[in-house]
Amino acid sequence: MHLSEPPPQTPVPVVTLSETLWTGEAIAAGLTGFADLESLPLPASDHSAQPAEDAGRVRIVVLFLKRHWRDSQVHILEARTAFPNARLLAIAKDLDETDVVRLIEMGVHAYFSAHRPLGELASAVTALDRGEVSCSPLLLARVLTRIRELSSKTPAAPSCHLSSRERETMHLISMGLSNKEIAGRLGVSPSTAKNHVH
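So, here is what we can say about the structure in this document.

**Here's the deal with the layout of surface pockets**
Counted as a void, the largest pocket has a volume near 340 Å³. Taken together, 19 residues line the largest pocket, and the ones lying closest to its centre are V100, S134, C135, S136 and L139. Counting residues per element, the ones that place at least two in the lining of the largest pocket are α4 (97-105), β5 (110-113) and α6 (137-152). Tallying contributions element by element places β5 first for the lining of the largest pocket, with 4 residues.

Dropping the structure here:
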């Protein structure tokens, strides 16, 4: 039996966006050196100007967020709009776990500290393309806490006080009875039953 070679891996199409052109170009140039990544040309500053064929090919968008990342919310929204099928990886400096959770809530799929080496960024991009994300135990604990907080918030039940007659009518409707059948069961005229139902 002859074992065939596994099919060659296609490079992951990546676009790098930054609020400063030179930062985006520098990151894109650095990622070009990795065989498993295909760094696509930077789009124009107006993300909607990105050609549709390239936008559809992009699987990962690397976003370099400025120091005050909260001002980058528009940047994240633009990236999500321009590349709706891509996963977003945000690079930023000195974010705490709460900030990273907020990025995730805005639609970012992964966070990468700007203090880590470029080789680790390339690994993070390919891992994200496979659906994998690595994070610190502290960050994981914070994300799980946030999920628990959100899941424990149940919407308030609408205050709906039905009379016994209204509950009886609702039960008959749920049984699939017609207005005429409901009228017969309630001992009222069909027009009165129709008023109860509607």
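Let's pick the thread back up.
**Brief notes about helix α5 (residues 118-129)**
The terminal C-alpha atoms of α5 lie 17 Å apart, and with 12 residues this matches the ideal 16 Å at 1.5 Å per residue to within 8%. Residues of α5 that are buried: L121, A122, V125, T126, A127 and L128. Tucked inside the fold, the buried residues of α5 contact β1 (12-18), α1 (21-32), β2 (37-39), β3 (60-64), β4 (87-92) and β5. Just downstream of α5, G131 is the residue with a positive phi angle, here 90°.

**Considerations on the sheet that holds β4**
Spatial ordering of the open sheet is given by β2-β1-β3-β4-β5, a layout of 5 strands whose pairing is parallel. Two strands close off the open sheet at either side, each with one partner strand: β2 and β5. Within the sheet, the average angular offset between the axes of one strand and its neighbour, ignoring direction, is 30°. Where β1 and β3 come together, 5 bridges link them in parallel fashion. Residue pairing across strands places V15 opposite V61, the latter belonging to β3.

Reading the values: rules and limits
- Residues numbered from 1 in each chain as written.
- Predicted model: local features only at pLDDT ≥ 70, side-chain atom pairs only at ≥ 80, totals over all residues.
- Heavy atoms only, no water.
- 1 Å grid on protein atoms, 1.4 Å probe; cavity = no way out; pocket = protein on both sides within 12 Å on 5 of 7 lines; lining within 4 Å.
- Points joined across faces, edges and corners; volume = space filled by probe spheres on them.
- Helix = DSSP H or I, 4+ residues; strand = E, 2+ residues; numbered from the N terminus.
- Expected span 1.5 Å × (residues − 1).
- Buried < 20%, exposed > 50% of the residue type's maximum accessible area, 1.4 Å probe, protein only.
- Contact = heavy atoms within 4.5 Å.
- Pairing = 2+ DSSP bridges.
- Axes fitted to C-alpha atoms, helices over the stretch in contact; angles between N-to-C directions.

Purely spatial values, then, with no claim about function.
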